[in-house]
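These are the residues of each chain, in order.
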Amino acid sequence: MKTYEEMKETILKTVEENLSEIAVLSDDISAHPELSGEEYETSRKLVELLRKKGFDVEYPFAGLDTAFKGVYGSDSHTYKVAVLAEYDALPGIGHACGHNVSGAISMLAAISMAGLQDELDCDIHILGTPNEEIDGAKCGMVDQHVFDHYDMAMMIHLYDQNLLYCKLLGLHQYLYTFHGKAAHASAAPWDGINALNAAQLMFHGIDMMRQHVTPDVRMHGVYRNGGAAPNIVPEEASAEFYWRALDKEYLYGIDERADRCAEGACLMTGATWEKALTAAMYDTMKNNDSGIEALREVYEELGIEINGDHDAIFGSSDIGNVSFVCPTFHPTLQLVDRGVAIHTREFAAGNTGERAHKTIADGAKVIGLQIAKIFSDENRIQAMKADFAKK
């Protein structure tokens, strides 16, 4: 078996050899953004490249038209790693989350690591995981037990900072619908039950909750339906809410308290209510200390300065769900200048060009070296598994 240093030399070389082709693909995806769940051309291009590089690809995968699973070789090694690729865009502002670059990083890492599977006794799969921005394909894959047999999963997110891990908020998304009774708003308003009043009162209840939740909690919502016309007492109204928190059990408590706000609003107005999930529930992130320490060594070896705040809340992502099934890593790389926020046009402007291409190469090296560092050392493998087993 090659030493880690020998494998490192191979990884750095193969990443540079394959970079140009991947960079062109990343720029093309940026120029042709596709929304969550609609990544038909993007996924097709990614799959075509994988097949060109000798991968066997299942496409579609996991019941999703734009998901895929790429496997290189016999798929018979002791260990298995999932490299995760995202590639959906945002409405109106394209790849303002940098998923074209992130997906390219994962593609380049998987392609560059294919020849080291025998050395590591580790199959390195690439999974195309679409729809991260809306309904989290990874959540459905977790429910289908896709990750149950993986020893590790990893991807890189783009940011304005270099971080070893992200502090992710769990996310629950609900549509609350209120039912009342229509009536003429001028001639006989007393005959009506105003569903919009109930929705408004629920918003007030949520606002009152804000001072009595932990500082990490985020609660935000919009009206989806406020009635048909001003001269008709609204017989139906609806509001969509997001709840977020760092602790998954606390988040379920927010669900219960929000339901009581809806119930109270109906007691005051005479309306009735129901709720429905509008997207999959995103978990918080379960970090892995020994694996993160290995990642710290990788960043240092590559000369990547860790220049961000690990205590700051990053947001929410479906990769959190994966982290409760197998050891999972979700570091960030700096794609733009400090202070340029993700999900902005300014961030989208940084996802092509020389800096973006260097970030693709750096990211692929980070993933490759992390896999090599852990799976070339049985002690690191067992330490990572032991950390994962902790509550």
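Preceding block: the structure.
These numbers come from a predicted model, not from an experiment.

## Concerning the side chain of Asp318
Residue position: Asp318 is located in the loop between β12 (313-315) and α9 (319-323). Looking at Asp318, its side chain comes within polar contact range of the side chain of Ser317, at 3.5 Å.

## So, helix α1 (residues 4-31)
The first and last C-alpha atoms of α1 sit 38 Å apart over 28 residues, in line with the 40 Å expected at 1.5 Å per residue. The sharpest bend along α1 comes to roughly 50 degrees, located at Leu19.

## Remarks on the sheet that holds strand β3 (residues 79-85)
The sheet built from six strands is open, its strands ordered β1-β2-β4-β3-β5-β13 with mixed pairing. Strands at the two margins of the open sheet, each flanked by one partner only, are β1 (56-58) and β13 (328-329). Bridge analysis of strand β5 (residues 152-154) against β13 gives two bridges, and the strand direction is parallel. Each residue of the ladder has a partner; that of Met154, found in β13, is Phe329. Here helix α11 (residues 354-375) sits on the sheet and contacts β3, β4 (122-128), β5 and β13; the angle it forms with β5, its principal contact strand, is near 165 degrees. Its contacts with the sheet put helix α12 (residues 378-389) on β3, β5 and β13, and the angle it makes with β3 is roughly 65 degrees.

## Remarks on the pairing of strand β10 (residues 236-245)
Judged by how many residues are buried, β10 sits mostly within the fold: eight of ten residues are covered. Relative to β10, strand β8 (residues 170-179) runs antiparallel, the two sharing ten bridges. Each residue of the ladder has a partner; that of Thr177, found in β10, is Ser238. In terms of strand pairing, strand β9 (residues 218-225) meets β10 through seven bridges, oriented antiparallel. Within β10, the position partnered with Arg218 by the bridge is Arg244.

## Re the sheet that holds strand β11 (residues 272-277)
Overall, antiparallel pairing links the four strands, which are arranged β9-β10-β8-β11 in an open sheet. The open sheet terminates on both sides in strands that have one partner only, identified here as β9 and β11. When the angles between neighbouring strand axes are averaged without regard to direction, this sheet yields 25 degrees. Where β8 lies against β11, six bridges are found, and the strand directions are antiparallel. Bridging from a neighbouring strand, Thr177 pairs with Glu274 of β11. Relative to the sheet, helix α6 (residues 195-209) contacts β8, β9 and β10, its axis offset from that of β10 by approximately 20 degrees. Of the strands in this sheet, β8, β9, β10 and β11 are in contact with helix α7 (residues 248-269), which crosses β8 at around 15 degrees.

The rules behind each value
Residues numbered from 1 in each chain as written. Predicted model: local features only at pLDDT ≥ 70, side-chain atom pairs only at ≥ 80, totals over all residues. Heavy atoms only, no water. Helix = DSSP H or I, 4+ residues; strand = E, 2+ residues; numbered from the N terminus. Polar contact = N/O pair within 3.5 Å; in protein donor to acceptor, adjacent residues only side chain to side chain. Expected span 1.5 Å × (residues − 1). Bend = angle between axes of the 7 residues up to and from the residue. Pairing = 2+ DSSP bridges. Contact = heavy atoms within 4.5 Å. Axes fitted to C-alpha atoms, helices over the stretch in contact; angles between N-to-C directions. Buried < 20%, exposed > 50% of the residue type's maximum accessible area, 1.4 Å probe, protein only.

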